[in-house]
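# Summary of the model geometry
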Amino acid sequence: MLPLFTSDGQYEAKTFTKVTAQGEVFSGMDFTNCLFDGCTLTECTFSHCTFTDCRFRACEMSLCAVPNTRVLDTRFAACRLFGIDWTKIGNTTVAKLLLTAHFTDCGLNYASFFGLRLKGSTFTGCTAHEVDFRDADLSHADCSGTDFSGSRFLHTNLTKADFRTATNYAIDPTANTVKGARFSLPDAVSLLRAFDVVIE
């Protein structure tokens, strides 16, 4: 196992394997093109950090906090990311707009993406139970194969988003922008609930 990274560190093209930390606070760190493999970082705080072109694989990061941190072109695969408030990301409006993250086969339950710009992001094969997507921009996002049980969509931009094979979503077409979005049966029938129709 590699030594635990330290605050105010700058890392480029490094691999962190099975690093373990719980409830620790890291500040002012810069990670570029780094791989986090099988790490456990539960309840850690990454404050004023930057992750650029990084990959997280099979990591446990539930209840992490990311105040004023920037995430650019970073991918998460098979990670557990329960309860993360992604709205705390970035210390300026511009920094928040630069959020580019992709999630594949991840657990995102109880997270919040409220009001964030996630255009072109990936949420594929994930569990996204009770996630807040209100006022978010998910245009052109790939949400295929994800379970959205209990997740909230309101004033969400879903233009040309891909929800094929996604399940358990409750999306009101009259309260969200769904132009060009792609859905598949049988779950697409749920889109008709907003119109108070009887389906037999």
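Residues numbered from 1 in each chain as written. Predicted model: local features only at pLDDT ≥ 70, side-chain atom pairs only at ≥ 80, totals over all residues. Heavy atoms only, no water.

The next thing to look at is the overall build of the protein chain. The helix and strand inventory of the protein chain stands at 1 helix and 12 strands. Counted from the first residue to the last, the protein chain has its helices and strands arranged as β-β-β-β-β-β-β-β-β-β-α-β-β. Across the 200 residues in the protein chain, those meeting the buried criterion constitute 45%. Nonlocal contacts in the protein chain, meaning residues at least 24 apart in sequence, comprise 12% of its contacts between residues at least 6 apart. (Helix = DSSP H or I, 4+ residues; strand = E, 2+ residues; numbered from the N terminus. Buried < 20%, exposed > 50% of the residue type's maximum accessible area, 1.4 Å probe, protein only. Contact = heavy atoms within 4.5 Å.)

Moving on, we come to the confidence of the model for the protein chain. When pLDDT is low, close inspection of the predicted coordinates is not appropriate. Predicted confidence across the protein chain gives a mean pLDDT of 89, with 85% of residues reaching 70 or more. Mean pLDDT across the secondary structure elements of the protein chain bottoms out at helix α1 (residues 93-97), with 59, and peaks at strand β8 (residues 55-57), with 98. (pLDDT = per-residue confidence, 0-100.)

Our focus in this paragraph is the packing of aromatic side chains. Across all of its chains, the model carries 30 aromatic pairs by this definition. When the ring of Phe-82 is compared with that of Tyr-110, the centres are 6.5 Å apart and the planes differ by 90 degrees; the resulting orientation is edge-to-face. Of this pair, Phe-82 sits in the loop between β10 (74-77) and α1 while Tyr-110 sits in the loop between β11 (101-104) and β12 (122-124); the two residues are 28 residues apart in sequence, bridging distant segments of the chain. (Phe/Tyr/Trp six-rings, centres within 6.5 Å; stacked < 30°, edge-to-face > 60°.)

Per the counting criterion, the structure on display carries 5 salt bridges. Glu-60 is paired through a salt bridge with Arg-80; the nearest N and O atoms lie 3.2 Å apart. Here Glu-60, found in the loop between β8 and β9 (70-72), pairs with Arg-80, found in the loop between β10 and α1; they are 20 residues apart in sequence, far enough to count as distant. For Arg-164, the salt bridge is made with Asp-162, and the minimal N-O distance between the two is 2.9 Å. We classify Arg-164 as partly exposed; its relative accessible area is 33%. (Salt bridge = Lys/Arg side-chain N within 4 Å of Asp/Glu carboxyl O.)

With that settled, consider the environment of Asn-176. Mapped onto the fold, Asn-176 is located in the segment after β12. Ignoring anything within four residues of it in the chain, the contact list for Asn-176 reads Phe-153, Leu-154, His-155, Thr-156 and Ile-171. A distance of 3.0 Å separates the side chain of Asn-176 from the backbone nitrogen of Thr-156, its partner in a polar contact. (Polar contact = N/O pair within 3.5 Å; in protein donor to acceptor, adjacent residues only side chain to side chain.)

Let's shift gears to the side chain of Thr-42. In this fold, Thr-42 is placed in the loop between β5 (35-37) and β6 (45-47). Beyond its immediate chain neighbours, meaning those up to four positions away, Thr-42 contacts Ala-21, Gln-22, Gly-23, Glu-60 and Ser-62.

Within the secondary structure, Ser-62 is located in the loop between β8 and β9. Note on Ser-62: relative accessible area 8%, which makes it buried.

The next point concerns the sheet that holds β11. Ordered by their spatial adjacency, 6 strands build an open sheet running β2-β5-β8-β10-β11-β12, and the pairing between neighbours is parallel. A single partner strand is all that each edge strand has here, and the edge strands are β2 (15-17) and β12. Neighbour to neighbour, the strand axes of the sheet diverge by 10 degrees on average, direction disregarded. Bridging between β2 and β5 involves 3 bridges; their strand directions are parallel. Across the sheet, residue Thr-15 finds its bridge partner in β5, namely Leu-35. (Pairing = 2+ DSSP bridges. Axes fitted to C-alpha atoms, helices over the stretch in contact; angles between N-to-C directions.)

This paragraph deals with the nonpolar core. Formed by 52 residues in total, the largest nonpolar core has its most connected members in Phe-76, Phe-103, Phe-113 and Phe-163. Excluding residues within four positions of it along the chain, Phe-113 makes contact with Trp-86, Thr-87, Phe-103, Leu-118, Phe-123, Val-131, Asp-132, Phe-133 and Ala-136. (Core = buried A, V, L, I, M, F, W, Y, C linked by side-chain atoms within 4.5 Å.)

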